[in-house]
Number of protein chains: 2
Amino acid sequence: MKIALVGVGRIAQAQHVPALQASPHWSLAATVSLGGSVPDVPAYTDFTRFLYENPDVPVVSLCVPPVPRFQYARQALEAGRHVMLEKPPGATLAEVEILASLARRRGLALYATWHSRMAYAVAPAKAWLRDKTVSAVRVVWKEDVRHWHPGQHWVAQPGGMGVFDTGVNALSILTDVLPEPIYLQSAELDVPANWHVPIAARLSFSGNVHAQLDWRQTGPQTWDIEIDTDGGALALRMGGNVLEIGGKAVTGQYSVMGEYPALYARMAQLAARGEVEVDLTPMVHVADAFSLGRRTVIAPFAL
Amino acid sequence: MKIALVGVGRIAQAQHVPALQASPHWSLAATVSLGGSVPDVPAYTDFTRFLYENPDVPVVSLCVPPVPRFQYARQALEAGRHVMLEKPPGATLAEVEILASLARRRGLALYATWHSRMAYAVAPAKAWLRDKTVSAVRVVWKEDVRHWHPGQHWVAQPGGMGVFDTGVNALSILTDVLPEPIYLQSAELDVPANWHVPIAARLSFSGNVHAQLDWRQTGPQTWDIEIDTDGGALALRMGGNVLEIGGKAVTGQYSVMGEYPALYARMAQLAARGEVEVDLTPMVHVADAFSLGRRTVIAPFAL
């Protein structure tokens, strides 16, 4: 099926393009971007012109930043195209609900992707947890923002989400694998004096679930989820790519595809059926943290 | 039908008790509260004991503050009772989703009320707007927090919502009467140095919808929604209780019941059918404002 990639930046070049090129389902028919392009693929800068000149491209994948994403998504759906959204699916919950409702009305696919849910060990962790009772969860998610977002000042601005830009990946895994839903009970947010959003957060959820998110970790990065159950302890490490049960690494049950190839395989199913898959739970927890969180202003932090 | 009132504070005494006593549908069978009670009505202080001793009371109405409300609601649903929730329906979006899902599984009614939607002029305004195209909306919602919440320091704490405690009433009306959904595009939040949440907010939504919320208005209070359409201008004043079309007050189409009598009439229908009515849209816009808002710290404000 023909697909166009909109927004050819860092994540598109590193993940989306290779995944599409290796896929048996997809043919990358065009890119739309003010910046990047892909060799031998027709490159547009104007999205309206792309839609007009390519009525035979039924699917668009949007990798533009959250704030402008809504307009592209709505325009694509109104032009009868199936749409795939990078995470987070929008700048607000309300706009994503509007897109989902529009897609349903028109019988089009809309896929709000959470790439970390496709990490190698997430599906086997979920399967193992299905019949367990969870007694405690510890999430530790610590990255170096200067490494991952060098000079990207938007991450510290309103709407930039701050540490939740990465923390929502942890929440997307957690809300996928836990057998029961959770809700936030309290949150502490550390906001540098020159930022608008938190650089670190400590979240306490129902069910004895605790999360530490921090964007100031130099050296080795930490993406760990540890889950205690009545059937023993499970841990997901390396952002959902390594599974431990009872303290021992488990192999042999991992997903066969990487994150982005798996997302595009799922999108092929959704587009064939015209189905909507929009789970806003990870984003709801972030919005709840912003609503309920106790903010502390800390020393300025230069990006 | 027998009903119990849980949390007998200011709003319960002023609104819920008179509405229940005047209703043909309801018999107030018990109260559960650490503080207030109602003459000639059995008064409990322990909710578990109330549930155990009163299996014949099928409905509970919760007027306790948002943070403890979830535990009462879950316990009531698990004990097979229909539940009515004061606004806002919870401290987080996630917890209300959990309650709604629990109620649906058990075939019980759950009603997340928005009392301002039952104001006298809201239904006729909605009917008039149904076939109009809206070109602009101005919401001005200004109250004196010291008058309405004297000494209630929780309104300024995390989870207290600040000015959105009243602003969500405006949003509940707006999201009910507008023919198309809206989403937040930007928000400016003024936070007093001794508060954790905004005392004033300016919100810009899609569709040229703007809202000014302020909790520092002394003298006359302002609860206005002005809507420009292709069929002329409509205004809702006095918190949805007065309707103007083309600048002239309209009478004769108003709802026949006041806000709380109408809520309890609706709850009687939902309980009879075991239905869930939970529209989180007003609360979603508040969460979006907390997520997307640009905060400015202003001078301290004593309650």
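Being a predicted model, the structure only gives us computed values, none of them experimental.

### Description of the nonpolar core
Step number 1: The biggest cluster of nonpolar side chains holds 172 residues, and the ones touching the most others in it are Phe 50, Phe 164 and Leu 203 of chain A together with Phe 50, Phe 164 and Leu 203 of chain B.
Step number 2: Apart from residues no more than four positions distant in its own chain, Leu 203 of chain A is found in contact with Phe 164, Leu 184, Ser 186, Ala 187, Val 209, His 210, Ala 211, Leu 213 and Ala 289 of chain A.

### Focus: the pairing of strand E5 (residues 82-85) of chain A
Residues and elements named next belong to chain A.
Step number 1: Judged by which residues are buried, E5 turns out to be covered on both faces: His 82 and Met 84 on one side and Val 83 and Leu 85 on the other are all buried.
Step number 2: Relative to E5, strand E4 (residues 59-62) is paired through 4 bridges, and the arrangement is parallel. The residue bridging Ser 61 from the neighbouring strand is Met 84, located in E5.
Step number 3: Assessed by its sense of winding, the connection that carries the chain from E4 through helix H3 (residues 66-78) to E5 is right-handed.

### A word on the relation of the copies chain A and chain B
Step number 1: If you rotate chain A by 180° and push it 0.0 Å along the axis, it lands on chain B with an RMSD of 0.0 Å. One copy is carried onto the other by what is essentially a two-fold rotation axis.
Step number 2: A share of 100% of the interface residues of chain A reappears at the interface of chain B, consistent with the copies meeting face to face through the same patch.

### Section: the UniProt feature "domain: Gfo/Idh/MocA-like oxidoreductase N-terminal" (unreviewed entry) in chain A
Step number 1: According to UniProt, the "domain: Gfo/Idh/MocA-like oxidoreductase N-terminal" (unreviewed entry) feature falls on residues 1-110 of chain A.
Step number 2: The span residues 1-110 of chain A is 43% helix and 20% strand, and its two end C-alpha atoms sit 16 Å from each other.

### Side note on the sheet that holds strand E5 (residues 82-85) of chain B
Residue and element names in this part refer to chain B.
Step number 1: Taken in spatial order, the 7 strands make up an open sheet running E3-E2-E1-E4-E5-E6-E15, and their pairing is parallel. Here the strands that pair on one side only, and so sit at the sheet edges, are strand E3 (43-44) and strand E15 (276-277).
Step number 2: Relative to strand E6 (residues 110-112), E5 runs parallel, the two being bridged by 3 bridges. Across the sheet, the residue bridging to Val 83 is Leu 110, located in E6.
Step number 3: Sitting on the sheet, helix H1 (residues 10-22) touches strand E1 (2-6), strand E2 (27-32) and strand E4 (59-62), and the angle it makes with E1 is about 180°.
Step number 4: Here helix H3 (residues 66-78) sits on the sheet in contact with E1, E4 and E5, set at roughly 160° to E5.

### What to know about the domain arrangement of chain A
Residue and element names in this part refer to chain A.
Step number 1: Segmentation of chain A into domains returns domain 1 (2-113) and domain 2 (116-255 + 287-298).
Step number 2: A straight line from the C-alpha centre of domain 1 to that of domain 2 covers 27 Å.
Step number 3: Listed as interface residues are 5 residues of domain 1 and, on the opposing side, 10 residues of domain 2.
Step number 4: Buried area between domain 1 and domain 2, both sides added, is near 550 Å², and the carbon and sulfur share of it is 57%.
Step number 5: Three residues stand out in domain 1 for area buried against domain 2, namely Arg 10, Lys 87 and Pro 88, and they jointly supply 67% of the buried area on that side.
Step number 6: Seen at the junction of domain 1 and domain 2, the total is 0 salt bridges.
Step number 7: In terms of residue class, the side of domain 1 that touches domain 2 is built from 3 nonpolar, no polar and 2 charged.

### Structural notes on the packing of aromatic side chains
Geometry of an aromatic ring pair is reported as the spacing of the ring centres plus the angle between the planes.
Step number 1: Applying the stated criterion to the full structure yields 18 aromatic pairs over all chains.
Step number 2: Geometrically, the ring pair formed by Tyr 44 of chain B and Phe 50 of chain B is edge-to-face, given 5.7 Å between the ring centres and 75° between the ring planes. Comparing Tyr 44 of chain B with Phe 50 of chain B shows no difference in burial state: the two are buried.
Step number 3: Plain terms: the ring middles of Phe 164 of chain B and Phe 290 of chain B are 5.5 Å apart, the flat faces sit at 50° to each other, and that makes the pair tilted. You can see Phe 164 of chain B sitting in helix H7 (residues 164-177) and its partner Phe 290 of chain B sitting in helix H9 (residues 281-292), a full 126 residues away along the chain. Pair check on accessibility: Phe 164 of chain B and Phe 290 of chain B agree, each one buried.
Step number 4: Taken together, Tyr 44, Phe 47, Phe 50 and Tyr 72 of chain A form an aromatic cluster joined through their ring pairs.
Step number 5: Taking the ring centre of Trp 128 of chain A as reference, the NZ or CZ of Lys 132 of chain A above it sits at 4.1 Å.
Step number 6: Lying over the aromatic face of Phe 301 of chain B, Arg 146 of chain B brings its terminal NZ or CZ to 4.1 Å of the ring centre.

### Let's talk about the sheet that holds strand E10 (residues 209-214) of chain B
Residue and element names in this part refer to chain B.
Step number 1: On the basis of which strands lie adjacent, the open sheet formed by 9 strands has the order E14-E13-E12-E11-E7-E10-E9-E8-E16 and mixed pairing. A strand with exactly one partner marks an edge of an open sheet, and here the two such strands are strand E14 (248-250) and strand E16 (294-298). In this sheet, neighbouring strand axes are inclined to one another by 15° on average, regardless of whether the strands run parallel or antiparallel.
Step number 2: In this structure, strand E13 (residues 242-245) lies alongside E14, joined through 3 bridges in antiparallel fashion. Each residue of the ladder has a partner; that of Leu 243, found in E14, is Val 250.
Step number 3: Sheet strands in contact with helix H5 (residues 122-129) are strand E7 (134-142), strand E11 (222-229), strand E12 (232-237) and E13, and its direction is about 165° off that of E12.
Step number 4: Contacts from H9 reach strand E8 (184-192), strand E9 (200-205) and E16 within the one sheet, and its direction differs from that of E8 by about 75°.

### Describing the environment of Gly 80 of chain A
Residue and element names in this part refer to chain A.
Step number 1: Structurally, the position occupied by Gly 80 is in the loop between H3 and E5.
Step number 2: On the basis of relative accessibility, which here comes to 32%, the residue Gly 80 falls in the partly exposed class.
Step number 3: Along the sequence, Gly 80 and Leu 51 sit 29 residues apart, while their C-alpha atoms lie 9.7 Å from each other.
Step number 4: With sequence-adjacent residues up to four places away left out, Gly 80 is seen in contact with Arg 106 and Leu 108.

### Points about the side chain of Thr 229 of chain B
All names here are of chain B.
Step number 1: Relative to the elements of secondary structure, Thr 229 occurs in strand E11.
Step number 2: A distance of 2.9 Å separates a polar atom in the side chain of Thr 229 from the backbone nitrogen of Gly 231.
Step number 3: Within polar-contact distance, the side chain of Thr 229 engages the backbone oxygen of Gly 232 at 2.7 Å.
Step number 4: Apart from the residues within four sequence positions on either side, Thr 229 is in contact with Trp 128, Leu 129, Lys 132, Thr 133, Val 134 and Ser 135.

### Some points on unusual backbone geometry
One can expect most non-glycine residues to show negative phi and most peptide bonds to be in trans.
Residue and element names in this part refer to chain A.
Step number 1: Look at the link from Lys 87 to Pro 88: it is a cis peptide, with omega at -15°.
Step number 2: Secondary-structure assignment places Pro 88 in the loop between E5 and helix H4 (93-106).
Step number 3: Positive phi is not limited to glycine here, since Met 161 has a value of about 75°.

### As for the interface of chain A and chain B
Step number 1: Taken residue by residue, the interface counts 27 residues in chain A and 27 residues in chain B.
Step number 2: For the pair chain A and chain B, the summed buried surface comes to about 2,400 Å²; carbon and sulfur atoms form 63% of the total.
Step number 3: Its largest share of buried area at the contact with chain B, chain A owes to Tyr 183, Ser 291 and Leu 292 of chain A, together 23% of the area lost on that side.
Step number 4: Where chain A packs against chain B, one counts 0 salt bridges.
Step number 5: Where chain A packs against chain B, one counts 8 residue pairs in polar contact (both at pLDDT 80 or more).
Step number 6: The set of elements that each furnish at least two residues to the side of chain A that touches chain B consists of H3, H4, strand E8 (184-192), helix H9 (281-292) and strand E16 (294-298) of chain A.

Scoring rules and cut-offs
- Residues numbered from 1 in each chain as written.
- Chains lettered and ligands numbered in written order.
- Predicted model: local features only at pLDDT ≥ 70, side-chain atom pairs only at ≥ 80, totals over all residues.
- Heavy atoms only, no water.
- Core = buried A, V, L, I, M, F, W, Y, C linked by side-chain atoms within 4.5 Å.
- Buried < 20%, exposed > 50% of the residue type's maximum accessible area, 1.4 Å probe, protein only.
- Contact = heavy atoms within 4.5 Å.
- Helix = DSSP H or I, 4+ residues; strand = E, 2+ residues; numbered from the N terminus.
- Pairing = 2+ DSSP bridges.
- Right-handed = clockwise from strand over helix to strand, strands pointing away.
- Least-squares fit on C-alpha atoms with pLDDT ≥ 70 in both.
- UniProt positions renumbered as here; feature names shortened; annotations may be inferred.
- Axes fitted to C-alpha atoms, helices over the stretch in contact; angles between N-to-C directions.
- Domains from an automatic or database assignment.
- Buried area = accessible area lost by both parts, 1.4 Å probe.
- Salt bridge = Lys/Arg side-chain N within 4 Å of Asp/Glu carboxyl O.
- Nonpolar A, V, L, I, M, F, W, Y, C, P; charged D, E, K, R; others polar.
- Phe/Tyr/Trp six-rings, centres within 6.5 Å; stacked < 30°, edge-to-face > 60°.
- Lys NZ or Arg CZ within 6 Å of the ring centre and 35° of its normal.
- Polar contact = N/O pair within 3.5 Å; in protein donor to acceptor, adjacent residues only side chain to side chain.

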